[in-house]
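# Examination of the molecular architecture
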Amino acid sequence: PIQMYAPPKMDGRQSVTALVALVVGTAAHPPSNHGFGSIPATMPGFIQETASRQSYQAAVRTPSLGDLRRMYTDLPVSCEVVVQVAYSSVNPSDRFPTVASSTLPHVLGSDVYGVVVAAEDNCTRLKVGDRVWGDIGANTKTNRAATKTKELGGYGVYAVALETQLGVVPVSMPSGVVAGSLPKVALTSYKALVWYAEAKNNSLWKRSPKVLILGGSGGTGTTGIQLAKAFGAGEVITTTSADNFEYCKGIGADTLIDYKTQNWWDPDVVADNSVDVVYDCVGQDGTGDRAMAKIKPGGFYVTITGQMASHVKPGVKQAEFINSDTNLDNFELLDSLASLATQGYLKMPRTKSYPLKEVAAAFAESATGQVVGKLVIDLGAAPDKTSEK
């Protein structure tokens, strides 16, 4: 049994306007649930077609409730919901995800922001009409052969997700573009700093620690700088290019290092034994060992790139993790992030939008490694060409 939302009949322009008004929070009241209707059998989507081919398709199968339990194993106890997606975004891991051949063709995309249009009756937290956000790019295994694969689905007009993967977006949350850009990178930085650098459970963070964030102008760097400040960092040092100094200052960075002209590991740039936390979002060879020289005893080194130190300094903790390994039950973290965003501690100040048909072009821009902020995929009212926002 399911709840389903059927919008009132409108012409195409009115329908798009109503959807956008709902999902970006400008509608005075969300649509009522007076009607029941069916979700289209097909939808536009950007898919992994074969192991080596990705493409936009105007008509791919629309996901349905129960799909996740049919396809994957080792899921948490949770109902499923269908989300009409307004915005997604591009993360480096979205470009070449691990997708089991048995699941092909498969809609790609991790981040989702939109409105719940169908929900199983045993859902207790989400209901039809709720505005939600989340990262559905979880690593999981197929039911058939327990083959490692990724869930995904954010680059489709509709996506199915576990209730436990989605947070409710409060009315005071910033725009849908921002909400669609944040989930994966905000969850990654939150876990890096809270789970592995003990931002909420260590006396170090009560003493205004000095934090070095490598790669401050990308998605995880953007969220990392802001969250480090929100958690009590006294000084945030970050690496970026000189062109992006003002951007990083605007989100809370105190000391900027131009990686094109300076090496952060040189003692005259960052003194040895001078920082408390190093958060690596870049992944240069040798980063772990170089970081150890900078970190004081009692500090932390966290990498999301796998660049671990071969020799760990006594008194320093190091960790690496993959956010997608822990993305099946994130709603409490999303609620914490939503609270930070509504209080002004978390934002995505620079985005560039692409329509769904141009995901491949967005991937090409992401591959340059020069993206500042995030690239957003607009599924709700996408313009005919890319636009800066």
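Before going into details, it helps to say that this report is about the structure given with it. (Residues numbered from 1 in each chain as written. Predicted model: local features only at pLDDT ≥ 70, side-chain atom pairs only at ≥ 80, totals over all residues. Heavy atoms only, no water.)

### Side note on the state of the cysteines
Spelled out, the test is: Two cysteine sulfur atoms form a disulfide, by the criterion used here, when they sit within 2.5 Å. Think of it this way: any DSSP run of H or I at least four residues long counts as a helix, any run of E at least two long counts as a strand, and we number them from the N terminus. Under the scheme applied here, a residue whose accessible area is under 20% of the maximum for its type counts as buried, over 50% as exposed, and between as partly exposed, the area being computed with a 1.4 Å probe on protein chains only.
Per the stated rule, a full pass over the model turns up one disulfide. Each disulfide pairs two cysteine sulfurs, and for C79 the partner residue is C123, the sulfurs being separated by 2.0 Å. Where C79 bonds to C123 through sulfur, the torsion about that S-S bond is close to 115 degrees, and the disulfide is right-handed. Taken together, the residues span a long stretch of sequence, with C79 in the loop between β4 (72-73) and β5 (80-90) and C123 in the loop between β7 (111-120) and β8 (131-135) at a distance of 44 residues. We note that C79, like C123, is buried.

### Topic: unusual backbone geometry
Residue P105 follows L104 across a cis peptide bond; omega there is -5 degrees. Structurally, P105 can be placed in the loop between α3 (92-95) and β6 (106-107). Notably, A146 is not glycine yet its phi reads approximately 55 degrees, a positive angle. Mapped onto the elements, A146 comes out in the loop between β9 (139-142) and β10 (148-150). When its relative accessible area of 43% is taken as the criterion, A146 is described as partly exposed.

### Focus on helix α9 (residues 331-342)
Operational definition: Expected span, for any helix, means 1.5 Å times one less than how many residues it has. What the arc measures is the spread of directions leading from the helix axis to the C-beta atoms. Contacts are residue-level and defined by heavy atoms, with any inter-residue pair within 4.5 Å sufficient.
With 12 residues, α9 ought to run about 16 Å at 1.5 Å a step, and its terminal C-alpha atoms sit 16 Å apart, in line with that. Turning to α9, its buried residues number three or more, namely L333, L334, L337, A338, L340 and A341. The buried side chains of α9 occupy one side of the element, clustering within an arc of 160 degrees when seen end-on. Packed against the buried residues of α9 are β8, β12 (166-168), α5 (183-196) and α6 (219-230). G344, located one to two residues past α9, shows a positive phi value of around 90 degrees.

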